[in-house]
Amino acid sequence: MSDFKDLVGGRRSHRLYKEEEINEDDVQLILRAALLAPSAHGRRNWHFVVVDEKADLEKLADCKENGAAFLKAAPLAVAVLGDAQENDCWREDCSIAAVTMQYQAEDLGVGSCWVQVYGRYLSDGTPAEQVARGILNIPEGMNCLCIVGFGHKRLNILPHEEDSLKWEQVHIGKFQS
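Nothing here was measured: the structure is a model prediction, and the numbers come from that model.

A separate point is the nonpolar core. Counting residues in hydrophobic clusters, the biggest one holds 23 residues, and the most contacted among them are Leu-60, Leu-71, Val-115, Ile-138, Cys-144 and Ile-147. Only helix H3 (54-60), strand S2 (76-83), strand S3 (110-116), helix H5 (128-136) and strand S4 (142-152) provide two or more residues apiece to this core. Discounting residues that sit within four places of it in the chain, Ile-138 has contacts with Leu-81, Ala-132, Arg-133 and Cys-144.

What follows concerns the packing of helix H2 (residues 24-35) against helix H4 (residues 90-107). In contact at an axis separation of 8 Å, H2 and H4 are set at 145° when each is read in the N-to-C sense. In this structure, the crossing between H2 and H4 has a hand that is right-handed. Here Leu-29, Ile-30, Leu-31, Ala-33 and Ala-34 of H2 come into contact with H4, specifically with Ala-97, Thr-100, Met-101, Gln-104 and Ala-105. Residues belonging to the contact of H2 with H4 are distributed by class as follows: 8 nonpolar, 2 polar and no charged.

The next subject is the sheet that holds S3. One key point about sheets: their strands pair by backbone hydrogen bonds, in either a parallel or an antiparallel sense. In space, the 4 strands of this open sheet follow the order S1-S2-S4-S3, with antiparallel pairing throughout. Either end of the sheet is taken by a strand with one partner, and the two such strands are strand S1 (47-51) and S3. Averaged over neighbouring strand pairs, the angle between their axes works out to 25° when direction is ignored. In the sheet, S1 pairs with S2 via 5 bridges, with the strands oriented antiparallel. Counterpart to His-47 in the pairing with S2 is Leu-81.

Let's shift gears to H2. Between its first and last C-alpha atoms H2 spans 16 Å; for 12 residues at 1.5 Å apiece the expected length is 16 Å, and the two agree. Of the residues making up H2, those classed as buried are Asp-26, Val-27, Ile-30, Leu-31, Ala-33 and Ala-34. Burial along H2 is one-sided: seen end-on, the buried residues are contained in an arc of 150°. In H2, the exposed residues that point more than 90 degrees away from the buried face are Glu-24 and Asp-25. Looking at the packing, one finds that the buried side of H2 touches S1, S2, H4 and S4.

It is worth spelling out the pattern of salt bridges at this point. For the structure shown, the criterion picks out 5 salt bridges. The closest approach of N and O atoms between Lys-5 and Asp-6, which form a salt bridge, is 3.7 Å. Residue classification places Lys-5 among the exposed residues on the basis of a relative accessible area of 59%. Where Glu-106 meets Lys-153, a salt bridge forms, and the shortest distance between an N and an O atom there is 2.9 Å. In this pair, Glu-106 is assigned in helix H4 and Lys-153 in the segment after S4, connecting sequence segments 47 residues apart. Judged by relative accessible area, Glu-106 falls into the buried class, the value being 6%.

Now for H4. Here H4 is 18 residues long and its end C-alpha atoms lie 26 Å apart, about the 26 Å a rise of 1.5 Å per residue gives. Among all positions of H4, only Trp-90, Asp-93, Cys-94, Ala-97, Ala-98, Met-101, Gln-102, Ala-105 and Glu-106 are buried. On its buried face, H4 sits against helix H1 (4-10), H2, S1, S2, S3 and S4.

For Asp-62, the position within the fold is in the loop between H3 and S2. In the structure, Asp-62 is positioned 60 residues away from Leu-122 in sequence and 8.8 Å away in space, judged by C-alpha atoms. With residues up to four places along the chain from it excluded, the contact list for Asp-62 reads Lys-72 and Leu-122.

Parameters and conventions
Each chain carries its own residue numbering, running from 1 in the direction its sequence is written. With pLDDT at 70 or above as the cut-off, local features in this predicted model cover only qualifying residues; side-chain atom pairs require 80 or more to be listed or tallied, and sums for whole chains, interfaces and linings still use all residues. Side-chain descriptors were evaluated using all non-hydrogen atoms of the structure, hydrogens and water having been removed beforehand. As used in this record, nonpolar core signifies buried Ala, Val, Leu, Ile, Met, Phe, Trp, Tyr and Cys residues forming a set joined through side-chain atoms within 4.5 Å. Remark: exposure states derive from per-residue accessible area (1.4 Å probe, protein chains only) relative to the maximum for the residue type, with buried under 20%, exposed over 50%, and partly exposed in between. The secondary structure listing takes helices from DSSP runs of H or I that are at least 4 residues long and strands from runs of E that are at least 2 residues long, numbered from the N terminus. Contacts are residue-level and defined by heavy atoms, with any inter-residue pair within 4.5 Å sufficient. In this analysis an axis means a line fitted to C-alpha atoms, helices contributing only their contacting stretch, and an angle means the value between N-to-C directions, from 0 to 180 degrees. Each crossing gets its hand from how the near helix is turned against the far one by less than a right angle, where anticlockwise is left-handed and clockwise is right-handed. Residues are grouped as follows: nonpolar covers Ala, Val, Leu, Ile, Met, Phe, Trp, Tyr, Cys and Pro; charged covers Asp, Glu, Lys and Arg; every other residue, Gly included, is treated as polar. Only strands that DSSP links by at least two bridges are regarded as paired with each other. Expected span, for any helix, means 1.5 Å times one less than how many residues it has. The reported arc concerns the directions from the helix axis to the C-beta atoms and nothing else. The term salt bridge refers to a side-chain nitrogen of Lys or Arg lying within 4 Å of a carboxyl oxygen of Asp or Glu.

Written as structure tokens, this is what we have:
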């Protein structure tokens, strides 16, 4: 990307990937971005589980009813974890780290999409977190906020258009209705 403005405008959620692995250097850069992400009080106490085993990706795709199925075709996913006992800002910190990975991936030409896990359930009431915990051996006390799928983009999705921005939702000084 030529600049951050273009990077932000061009990042879209990609759920369809080519059958092509992401090279090791790019994976390292994506994880490095997460590790450099800002966190409350500089704690950086998130954890990341990198998943590239096809069988585990297929199981993770079933962790909730909607929105995770694309993981079956993803060559890589990263579960983003935090510990609420250690950090009351774990959700915020994990969110920032996840999005930072997505921007780094976009800069590398790699597509990504976020799967919300925390607070989501299967139709029988089973928490999506519990499903992910069993697949990824996540210890008790550790929460899984999301899983981000990564892969080489199969489709070219156009960037957001400037005229689609909702500037009316920006309020200066005070909220104005």
